[in-house]
Amino acid sequence: MLSLNQLSYHPPATPQPILQEVNLTLPPQQLGLIVGPSGSGKSTLLEIMAGLATQTEGSVQWREEELDPEDLQQLAGLVFQFPERHFCCDTVLRELRFGHPELSTTQLDETLSAVGLSGIPLSTPPYALSGGQQRRLSLAVQLVRQPRLLL
Ligand SMILES: Nc1ncnc2c1ncn2[C@@H]1O[C@H](COP(=O)(O)OP(=O)(O)OP(=O)(O)O)[C@@H](O)[C@H]1O
Ligand SMILES: [Mg+2]
């Protein structure tokens, strides 16, 4: 059970808190959905859950254990709101293997198939894909690392 407890985020640069006393529990193998108006803090909340920002109050816990940002970076995979802006390699293969040279061709093929990209050559530059394919690739980049928490 993953839980957010009284999580608030009030960086010094903002006059008002961006998140205020957010509580959430998510059992294993469950899909959770966070909804809210534009600017309400959904992306900020996911960044905290991915360990890319740190809450100013409250905690993120797995069962009784408190998780710090480093733990969350290991456990979570975040597909950004505009994921295509974050590509850093010149081919689909290098993008998928970035930081994980141990990934086998079978793992890569299975993941590309899972996101509906089985037909594309691994030598394709990410930017040569269509917009929707780029988003599928961004999802594959996270999935292939088998995160415990996919955001
Ligand atoms: N780095 C930052 N510094 C200051 N304010 C920020 C920063 N990032 C986000 N904000 C502010 O935090 C609030 C929440 O933004 P966030 O991007 O989390 O909203 P969102 O719910 O994801 O919106 P959308 O539905 O449009 O994607 C906004 O008021 C935004 O201006
Ligand atoms: Mg957002």
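If you're wondering where the values come from, they're calculated on a predicted model, not measured in any experiment.

Caption draft 1: Fine view of the domain arrangement of the chain. Along its sequence, the chain is organised into domain 1 (2-77) and domain 2 (83-150). Just the C-alpha atoms count here: the centres of domain 1 and domain 2 sit 26 Å apart. Across the boundary between the two partners, domain 1 contributes 5 residues, which contact 6 residues of domain 2.

Caption draft 2: Highlighting the environment of Leu 129. Counting through the fold element by element, Leu 129 comes out in the loop between α4 (105-114) and α5 (131-143). Along the sequence, Leu 129 and Val 92 sit 37 residues apart, while their C-alpha atoms lie 9.4 Å from each other. Beyond its immediate chain neighbours, meaning those up to four positions away, Leu 129 contacts Thr 124, Gln 134 and Leu 137.

Caption draft 3: Summary view of the site of ligand 1. Near ligand 1 there are 13 residues, and of these Ile 18, Ser 38, Lys 42, Ser 43 and Thr 44 occur at the shortest range. Looking at the shell around ligand 1 residue by residue, the classes come out as 3 nonpolar, 9 polar and 1 charged.

Caption draft 4: Summary view of the sheet that holds strand β1 (residues 2-9). Strand order in the open sheet made by the 4 strands is β2-β1-β3-β4, with antiparallel pairing throughout. On the outer flanks of this sheet lie β2 (19-26) and β4 (65-66), each paired with one strand and no other. In this structure, strand β3 (residues 57-62) lies alongside β4, joined through 2 bridges in antiparallel fashion. In the strand pairing of β4, Trp 62 is matched with Glu 65.

Cut-off values and rules
Residues numbered from 1 in each chain as written. Chains lettered and ligands numbered in written order. Predicted model: local features only at pLDDT ≥ 70, side-chain atom pairs only at ≥ 80, totals over all residues. Domains from an automatic or database assignment. Contact = placed C-beta atoms within 7 Å. Helix = DSSP H or I, 4+ residues; strand = E, 2+ residues; numbered from the N terminus. Near = placed C-beta within 6 Å. Nonpolar A, V, L, I, M, F, W, Y, C, P; charged D, E, K, R; others polar. Pairing = 2+ DSSP bridges.

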